[in-house]
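One letter stands for each residue in the lines below.
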Amino acid sequence: MKTDVAIIGAGPAGLMLGHLLRQQGIGAVVVERQSADYVLGRIRAGVLEQVTVDILNELGLGNRMKQEGLPHEGFFLADGERLIHIDIAELTGGSKVMVYGQTEVTRDLMDAAKDRDLEVVYEAKDVALHEIDTERPYLTYQKDGQEHRIDARFIAGCDGFHGPSRKAIPDSVGKTFERVYPFGWLGILSDVPPCNDELIYANHSNGFALASMRSQTRSRYYIQVPLDEKIENWSDDRLWDELSIRLGPEAGSRITRGPALEKSIAPLRSFVFEPMRYKSLFLAGDAAHIVPPTGAKGLNLASSDVAYLSRAFVSFFQDSKTDGIDTYSQTALARVWKSERFSWSLTSLMHRFPDDGEFGRRMQVSELDYIASSRAAQTAIAENYVGLPL
Ligand code: FAS
Ligand code: PHB
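Since we're looking at a predicted model, the values are computed, not measured.

Observations concerning the sheet that holds strand E7 (residues 97–99)
Spatial strand order, E3-E7-E4: three strands in an open sheet with antiparallel pairing. If you trace the sheet from one side to the other, it starts and ends with strand E3 (47–48) and strand E4 (70–72), each paired once.

Regarding helix H12 (residues 375–385)
All of the buried residues along H12 are Ala-377, Gln-378, Ile-381, Ala-382, Asn-384 and Tyr-385. You can read the cap of H12 off the contacts: a side-chain oxygen lies 3.3 Å from the backbone nitrogen of Ala-376, and it is on Ser-374. Following H12 by one or two positions, Gly-387 has its phi on the positive side, about 105°.

Comments concerning the sheet that holds strand E12 (residues 154–157)
The strands that make up a sheet pair up through hydrogen bonds in the backbone, lying either parallel or antiparallel. Reading across from one edge, E8-E2-E1-E12-E19-E18 is the order of the six strands in this open sheet, with mixed pairing throughout. With partners counted over all chains shown, the strands left at the sheet margins are strand E8 (119–121) and strand E18 (277–278), one partner each. For strand E2 (residues 28–31) and E8, the ladder comprises three bridges, and the chain directions are parallel. Residue pairing in the sheet places Val-30 in a bridge with Val-120 of E8. Contacts between helix H1 (residues 12–23) and the sheet are confined to strand E1 (5–8), E2, E8 and E12, with E1 contributing the most and set at about 160° to the helix.

With respect to the site of ligand 1
Inspection of the region around ligand 1 gives 29 residues, with Glu-32, Arg-42, Arg-44, Gln-102 and Asp-286 positioned closest. Within the backbone of Ala-13, a nitrogen or oxygen atom sits 3.0 Å from an oxygen atom of ligand 1. Arg-33 has a polar backbone atom sitting 3.1 Å from a nitrogen atom of ligand 1. Its free accessible area being 990 Å², ligand 1 has 86% of it covered by the protein chains.

What about the site of ligand 2?
Within the structure, ligand 2 sits among 14 residues, and Tyr-201, Ser-212, Arg-214, Tyr-222 and Pro-293 are positioned closest to it. Arg-44 places a main-chain nitrogen or oxygen 3.3 Å from an oxygen atom of ligand 2. Between ligand 2 and the protein, one listed contact pairs an oxygen atom with a backbone N or O atom of Thr-294 at 3.2 Å. Relative to its free-state accessible area of 270 Å², ligand 2 is covered by the protein chains to the extent of 98%. Looking at the shell around ligand 2, the elements that each hand over two or more residues are strand E15 (207–213) and strand E16 (219–226). In terms of residue class, the shell around ligand 2 is built from eight nonpolar, three polar and three charged. Shared between two domains, the shell around ligand 2 holds at least three residues of each, these being domain 1 (5–69 + 101–177 + 269–346) and domain 2 (181–267 + 352–386).

Concerning the nonpolar core
Of all hydrophobic cores here, the largest spans 78 residues; its most connected members are Ile-7, Val-31, Leu-48 and Leu-139. In contact with Leu-139, not counting residues within four places along its chain, are Ala-6, Ile-8, Val-31, Val-127, Ala-128, Leu-129, His-130, His-148, Arg-149, Ile-150 and Ile-155. Of all hydrophobic cores here, the second largest spans 33 residues; its members include Phe-183, Leu-210, Phe-342 and Ala-377.

Describing the layout of surface pockets
Computed from the structure, the second largest pocket encloses a volume of approximately 290 Å³. Around the second largest pocket, the lining comprises 15 residues; the ones closest to its centre are Thr-103, Glu-104, Leu-189, Arg-214 and Arg-218. It is helix H6 (residues 102–111) that provides the largest number of residues to the lining of the second largest pocket, a total of three residues. Here the residues of the lining of the second largest pocket sort into five nonpolar, four polar and six charged. Both of domain 1 (5–69 + 101–177 + 269–346) and domain 2 (181–267 + 352–386) provide at least three residues apiece to the lining of the second largest pocket.

Some points on the pattern of salt bridges
Summed over all chains, the structure comprises 21 salt bridges. Between Arg-107 and Glu-104 there is a salt bridge, with the nearest N and O atoms lying 3.1 Å from each other. Taken together, the residues span about one helical turn, with Arg-107 and Glu-104 both in helix H6 at a distance of three residues. Of the charged contacts, one joins Glu-178 and Arg-269 as a salt bridge, the two residues approaching to 2.5 Å between their closest N and O atoms. Remark: Arg-269 occurs in strand E17 (residues 262–274) and Glu-178 occurs in strand E13 (residues 175–190); sequence separation between them is 91 residues. On the basis of relative accessibility, which here comes to 46%, the residue Glu-178 falls in the partly exposed class. Look at the salt bridges and you will find they share partners, linking Arg-64, Glu-68, Glu-104, Arg-107 and Asp-108 into a network.

As for the environment of Ile-245
Within the secondary structure, Ile-245 sits in helix H7 (residues 236–246). Residues Ile-245 and His-204, 41 residues apart in the sequence, show an inter-C-alpha distance of 8.1 Å. Ile-245 has contacts with His-204 and Asn-206, leaving out every residue within four places of it along the chain.

Structural notes on the packing of H1 against helix H9 (residues 298–319)
Here H1 crosses H9 at 30°, and the two axes come no closer than 9 Å. Classed by the angle they form, the pair H1 and H9 counts as roughly parallel. Here H1 and H9 pass one another in a crossing that is right-handed. When H1 is examined against H9, the residues Pro-12, Ala-13, Met-16, Leu-17, Leu-20 and Leu-21 are found in contact with a partner set consisting of Leu-299, Ala-302, Ser-303, Val-306, Leu-309, Ser-310 and Phe-313. Taken together, the residues of the contact of H1 with H9 break down into eleven nonpolar, two polar and no charged.

What counts, and where the lines are drawn
- Residues numbered from 1 in each chain as written.
- Chains lettered and ligands numbered in written order.
- Predicted model: local features only at pLDDT ≥ 70, side-chain atom pairs only at ≥ 80, totals over all residues.
- Heavy atoms only, no water.
- Pairing = 2+ DSSP bridges.
- Helix = DSSP H or I, 4+ residues; strand = E, 2+ residues; numbered from the N terminus.
- Buried < 20%, exposed > 50% of the residue type's maximum accessible area, 1.4 Å probe, protein only.
- Polar contact = N/O pair within 3.5 Å; in protein donor to acceptor, adjacent residues only side chain to side chain.
- Contact = heavy atoms within 4.5 Å.
- Axes fitted to C-alpha atoms, helices over the stretch in contact; angles between N-to-C directions.
- Near = heavy atom within 4 Å.
- Areas by Shrake-Rupley, 256 points an atom, 1.4 Å probe, with all protein chains shown as cover.
- Nonpolar A, V, L, I, M, F, W, Y, C, P; charged D, E, K, R; others polar.
- Domains from an automatic or database assignment.
- Core = buried A, V, L, I, M, F, W, Y, C linked by side-chain atoms within 4.5 Å.
- 1 Å grid on protein atoms, 1.4 Å probe; cavity = no way out; pocket = protein on both sides within 12 Å on 5 of 7 lines; lining within 4 Å.
- Points joined across faces, edges and corners; volume = space filled by probe spheres on them.
- Salt bridge = Lys/Arg side-chain N within 4 Å of Asp/Glu carboxyl O.
- Parallel < 35°, antiparallel > 145°, perpendicular 65-115°, else oblique.
- Left-handed = near helix turned anticlockwise from the far one by under 90°.

Okay, here's the thing in structure tokens:
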């Protein structure tokens, strides 16, 4: 098979890129290791920045999001006693975020692939990259007992943190920056009404908690747990009890309990790989960077990457210009690092770190106290939370 851009990974990055290229008549094929159901079964992000909303609308795929998504104009920070409102709409001149699960974004992109003439090959095993340092790179993969080959002008590595693309770049070229946090997030999804109209990020002396949602009848909660925590140590009841404590008396008293539809522990790390381009290989999304989910940036960084990358590919294939592809890595990384900083900063403010002791706790409580009283501090948080401009 021959195409213009071979894309590895059918997560949000790969599917958005594929749609954006096909919309411009550029050849693209996506190869995905898992089944479509498996990809949809991963419960991940919940908050969309305007950049992600714009891509879905630009692709004509925003209708369900408009009907089912929840536009939010603010969120809360909590310190175990009080709720501090961050009025993002008022502080940023009207910007909002959209609460609409990554699963639904992926489903909308998957359902529209056929009509966009975007081929997505699921259950493609042993995907391998070849001759990425030439102008004739190709992929091979196994499916139905046969080896398949896709020749392309470019390869887009949208294969997440564990995929093969980043690893195909020579060690002499790549540089990684990483911070692994000494805790993870235990998440629960349950068909119960949210305890609050807007999200609450809480830093309680027991640890971090987040009250989020997927709809008015489906809630998503997280608590910080030690890195070595085992999911079997957490019955639903124990988790609901701890959430009631950490979210503070006001919100905690409004929690509706119910059985877990999904319960899992995710590790937290900050990670950036530079550069995001090597010759004919371009990285986008988690393949190039990971953020702790505290700032709700992971999915949205994948969106900004593919917004830049699709424009660069369109300029190359339609106008034979190379300035977009030549500056892609530098342009994307400029936004990545600002989101990395915000995600690290909010994670540092809102979580209990084992080595921080009482002084560290006082620093966090004092910073929350300052934020509660400072419009300037709240504005800085608000403009980063809604997403910095492309
Ligand atoms: P993805 O990881 O979504 O997609 C990569 C795709 O590549 C996958 O479908 C994978 O199967 C495929 N792939 C991998 N190796 C392959 C191979 N060898 N061959 C072919 N295909 C291959 N972000 C938030 O904003 N908020 C959150 O709450 C949040 N929670 C998260 C929880 C977890 C457990 C994880 C892992 C991430 C979470 N994230 C969250 C971040 C997440 O939403 C990512 O930022 C988002 O999925 C990035 O999308 P992609 O770059 O497309 O990567
Ligand atoms: C979620 O709803 O899954 C969610 C929301 C906001 C975050 C992280 C996760 O910062």
